[in-house]
Amino acid sequence: MENVEGFRVLGGEKIEGQVRLQGAKNAVLPILAAALLPEGETVIRDCPDIRDVHAMAGILRQLGCRCQAGRNEMRVSSAGLTGWEMPDGLSKQIRSSIFLLGPILGKLRRATVTYPGGCEIGLRPIDLHLKGLRALGVSVREDGGVIRCDGGNMHPGDVYFDYPSVGATENVMMAAALLPGVTTVHNAAREPEIEDLQGFLNAMGGRVSGAGTQVIRIEGVEKLRSAAYTPIPDRIVGGTLLCAAAVTGGEISLDNARPADLLPVAEKLKEMGCGVETEKTRVRLWAPARLRAFSCLQTQPHPGFPTDMQAQMLAAACTAEGTGVIVENVFENRLSHVADLCRMGADIRVSGRTAVVTGVKKLHGARVSARDLRGGAALVIAALGAEGETTVENAALIDRGYARLESTLACLGAKIERIPL
Ligand code: EPZ
């Protein structure tokens, strides 16, 4: 039985100092999936020590790959890849297991997966993934939650997405990388992690271009070779730490950052009265004694405001001067952190996907529960600025995307510790 842990936070300390960002979870997960495409061993450097990475490595091992976690790196060898049936239990543990569908089909021309199912933030269907693969000639049979894919007649082609889904775009890129001929994805997702997947595929000898725009072109190659690759830094971890400094009136410097990836968050924090300065790989923020409310924040696909930063910004708005509006356009159920923030004294009204936040002077400590990864990070941010002690339950959810968050924050001056519950 796994130990249940939480975080105890004593609020009121300023977050101050310098921190280096690690590789991005949402870049590393598809890159791990793509690591089964080449012959030989791939090395992923700056690989974050987080639960989702270990879960993905667990699935790769079950498929016959060798996965070796080292200091900040992961070595993957696909030489033993035999399995094309995704282990049910493990794939339910992590939604991103669906990212394996494209590379398994691309390499073995057949795959069986179970529906990854929904999660706390929404139903999360995979219809666009399947539509994309069908456009490449994959025959898909769905029965009783199992999806059997036959890629015997796969061919390159044009894929048009009704919505720029990150996962569906990545799956088609990986399915087409070893498919001789040209595949073109229209209305593709443009997130920085998509560009990073293109970078990784091309480092292995792939011919992918256009990532970061709405049209991606994949010229399939005979085979891919092994490579060593360093993923982009985690812009969501970076944004989370900027918010932590903002709500505590602190000052922080993020190293190994990509300022362009943090632009939407930095612009909103500037609107709230923070100072932000950027250099090539550094972002520095200094906060006023009290933030002022932003008028409105709408989450959108990139380059719009990232949905993965919505909860953290909502937490920051809880003690800002004035009233702000947040609209969650990407996921249908991503405001579940509101109830816990209100337990800490926040004034938030929700209607559908819209939250209206009227800032209060101070939040107070309470016992709250993380209900999803980013919502959990938002509760920790709120606790850092609150009066008194807060216990945030379900640290395991936060560990999915943050490597030892309590140590990072403690190094920046926070009074936070991991506790058994
Ligand atoms: C990726 O999820 C990220 N996960 C998510 O981060 C992130 O929130 C999301 O992109 C949007 O930026 C990883 O990269 C591992 P989508 P993904 O397909 O690929 C609907 C985090 O906190 N949709 O772009 O699942 C879907 O339901 C996580 O780190 C369909 O309707 O996102 C959602 O409403 C959470 N049909 C919207 O599109 C489909 O076939 C966006 O989903 C696929 C998606």
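Up top is the structure these notes are about.
Here the structure is a predicted model, which means the values were calculated and not measured. The written sequence of each chain sets the order in which its residues are numbered from 1. Residues qualify for local features only when their pLDDT is at least 70, as the model is predicted, and side-chain atom pairs are given and counted only at 80 or more; totals for whole chains, interfaces and linings, by contrast, use all residues. In computing side-chain values, all of the structure's heavy atoms are included and hydrogens and water are not.

Describing the overall build of the protein chain
- Here a helix means four or more residues in a row that DSSP labels H or I, a strand means two or more in a row labelled E, and each is numbered from the N terminus. Secondary structure assignment for the protein chain yields 14 helices and 23 strands.
- Only the C-alpha atoms count toward the radius of gyration. The rule for a globule is 2.2 Å times the residue count to the power 0.38. For 421 residues, the compact-globule formula gives about 22 Å, and the C-alpha radius of gyration of the protein chain, at 21 Å, lands near that figure.
- Dimensions of the protein chain, computed from the C-alpha atoms along their principal axes, are close to 65 × 45 × 40 Å.
- Remark: exposure states derive from per-residue accessible area (1.4 Å probe, protein chains only) relative to the maximum for the residue type, with buried under 20%, exposed over 50%, and partly exposed in between. Expressed as a percentage of the 421 residues in the protein chain, the buried residues total 58%.
- Any pair of residues with heavy atoms lying within 4.5 Å of one another is described as a contacting pair. Once local pairs closer than 6 in sequence are excluded, the contacts in the protein chain between residues at least 24 apart make up 73%.

A word on the packing of helix α8 (residues 235–247) against helix α10 (residues 310–317)
- Here an angle of 0 to 180 degrees is reported between the N-to-C directions of two axes, which are lines fitted to C-alpha atoms, with helices fitted over the stretch in contact. Direction vectors running N to C along α8 and α10 enclose 5 degrees, while the axes themselves pass 10 Å from each other. Classified by the angle between their axes, α8 and α10 sit roughly parallel to one another. Between α8 and α10, the residues in contact are I236, T240, C243 and V247 and Q312, M313 and A316, respectively.
- All residues other than Ala, Val, Leu, Ile, Met, Phe, Trp, Tyr, Cys, Pro, Asp, Glu, Lys and Arg, Gly among them, are scored as polar; the first ten of these are nonpolar and the last four charged. For the contact of α8 with α10, the per-class residue count stands at 5 nonpolar, 2 polar and no charged. The scheme is simple: roughly parallel for angles under 35 degrees, roughly antiparallel for over 145, roughly perpendicular for 65 to 115, oblique for anything else.

Quick look at the state of the cysteines
- In plain terms, two cysteine sulfur atoms within 2.5 Å form what is called a disulfide here. What the rule picks out here adds up to 0 disulfides.
- Counting only cysteine sulfurs, C67 is the nearest neighbor of C47, a cysteine outside any disulfide, at a range of 9.2 Å.
- Since its relative accessible area comes to 5%, C47 is described here as buried.
- The closest cysteine sulfur to the non-disulfide-bonded C296 is located on C318, 16 Å from its own sulfur.

Quick look at the sheet that holds strand β11 (residues 207–209)
- Paired strands, in this sense, are two strands between which DSSP finds at least two bridges. Spatially, 4 strands are ordered β9-β10-β12-β11 in an open sheet, and the strand pairing comes out mixed. Two strands close off the open sheet at either side, each with one partner strand: β9 (158–160) and β11. Averaged over neighbouring strand pairs, the angle between their axes works out to 15 degrees when direction is ignored.
- Bridge count for β11 against strand β12 (residues 215–220) is 3 bridges, and the pairing is antiparallel. What sits directly across from R207, in β12, is E219.

Brief notes about the layout of surface pockets
- A pocket, in this scheme, is an open set of points on a 1 Å grid over the protein atoms alone with protein on both sides within 12 Å along at least 5 of 7 lines, while a cavity is a set where a 1.4 Å probe fits but cannot get out; residues line either one if an atom lies within 4 Å of a point. Grid points are joined across faces, edges and corners, and a volume is the space filled by probe spheres set on the points. In this structure, the second largest pocket occupies an estimated 400 Å³ of space.
- Together, 23 residues line the second largest pocket, and R20, Q22, V237, A403 and T408 are the ones closest to its centre.
- Taken together, the residues that form the lining of the second largest pocket break down as 11 nonpolar, 7 polar and 5 charged.

Focus on the packing of helix α6 (residues 166–176) against helix α7 (residues 192–203)
- Contact geometry for α6 and α7: axes closest at 10 Å, N-to-C directions at 10 degrees. When the axes of α6 and α7 are compared, the pair comes out roughly parallel. In this structure, α6 meets α7 at a crossing whose hand is right-handed. Contact residues: V166, T169, E170, M173 and M174 in α6; E193, I194, L197, Q198 and L201 in α7.
- Tallied by class, residues from the contact of α6 with α7 come to 6 nonpolar, 2 polar and 2 charged. Here a crossing is taken to be left-handed if its near helix is turned anticlockwise relative to the far helix by less than a right angle, and right-handed if that turn runs clockwise.

Some words on α10
- Burial of α10 is extensive: 8 of the 8 residues sit out of reach of the surface.
- Every buried residue of α10 is listed here: Q310, A311, Q312, M313, L314, A315, A316 and A317.

Quick notes on the pairing of strand β7 (residues 139–143)
- One ladder, built from 5 bridges, connects β7 with strand β8 (residues 146–150); its direction is antiparallel. Directly across from E142, in β8, lies its bridge partner I147.

Points about the site of the ligand
- Within the structure, the ligand sits among 23 residues, and D127, L128, S165, D308 and V330 are positioned closest to it.
- In this structure, G167 approaches the ligand through a main-chain N or O atom, which is 2.8 Å from an oxygen atom.
- Throughout, the Shrake-Rupley method with a 1.4 Å probe supplies accessible areas, and for residues the shown protein chains are the sole cover considered. Protein contact buries 88% of the 830 Å² of open area that the ligand shows by itself.
- At the level of secondary structure, the elements contributing two or more residues to the shell around the ligand comprise α1 (25–34), α5 (127–134), α6 and α12 (373–385).
- Taken together, the residues of the shell around the ligand sort by class into 11 nonpolar, 6 polar and 6 charged. It suffices for a single heavy atom of a residue to lie within 4 Å of a molecule or strand for the residue to be listed as near it. We define a polar contact as two N or O atoms separated by no more than 3.5 Å, with the added condition that, inside protein, one atom must be a possible hydrogen donor and the other a possible acceptor, whereas residues neighbouring each other in sequence contribute only through side-chain atom pairs.

Quick word on the nonpolar core
- Judged by nonpolar contacts, the single largest core of 73 residues is most densely connected at I252, L269, L314 and L409.
- Leave out the neighbours within four places in its chain, and I252 touches I15, G17, V19, L241, L242, A245, V283, R284, L285 and L412.
- Put simply, a nonpolar core is a bunch of buried Ala, Val, Leu, Ile, Met, Phe, Trp, Tyr and Cys residues held in one set by side-chain atoms that sit within 4.5 Å of each other. Core analysis: the next-biggest nonpolar cluster, separate from the first, contains 72 residues, I31, A34, I59 and M154 among them.

Description of the sheet that holds strand β19 (residues 347–351)
- Across the sheet, which stays open at both edges, the 4 strands sit in the order β17-β18-β20-β19 with mixed pairing between neighbours. The outermost strands of the open sheet, each flanked by one partner alone, are β17 (296–298) and β19. Across the sheet, the axes of successive neighbouring strands diverge by a mean angle of 15 degrees, strand direction being ignored.

Side note on the environment of G199
- Within the secondary structure, G199 sits in helix α7.
- Sequence separation between G199 and S209 is 10 residues; the distance between their C-alpha atoms is 9.1 Å.

Topic: the environment of E321
- Here E321 lies in the loop between α10 and β18 (323–327).
- Through-space distance from the C-alpha of E321 to that of E271 is 12 Å; in sequence the pair is 50 residues apart.
- Leave out the neighbours within four places in its chain, and E321 touches R290, L291, R292 and A293.

Notes on the pattern of salt bridges
- Any Lys or Arg side-chain nitrogen found within 4 Å of a carboxyl oxygen on Asp or Glu counts as a salt bridge. Using the criterion set out here, one finds 31 salt bridges in the structure.
- The partner of D340 in a salt bridge is R371, and the shortest N-O contact between them spans 2.7 Å. In this pair, D340 sits in helix α11 (residues 338–343) while R371 sits in the loop between β21 (367–369) and α12, placing the two residues 31 residues apart along the sequence.
- Exposure remark for R371: the relative accessible area of 38% places this residue in the partly exposed category.
- Between R418 and E406 there is a salt bridge whose closest N-O contact spans 2.9 Å. In this pair, R418 sits in strand β23 (residues 415–420) while E406 sits in helix α14 (residues 405–411), placing the two residues 12 residues apart along the sequence.
- The class for R418 is partly exposed, based on a relative accessible area of 24%.
- By relative accessible area, E406 is classed as buried at 11%.
- Through salt bridges with shared partners, a single ionic network connects E5, D399, E406 and R418.

No statement about biological role is implied by the geometric values presented.
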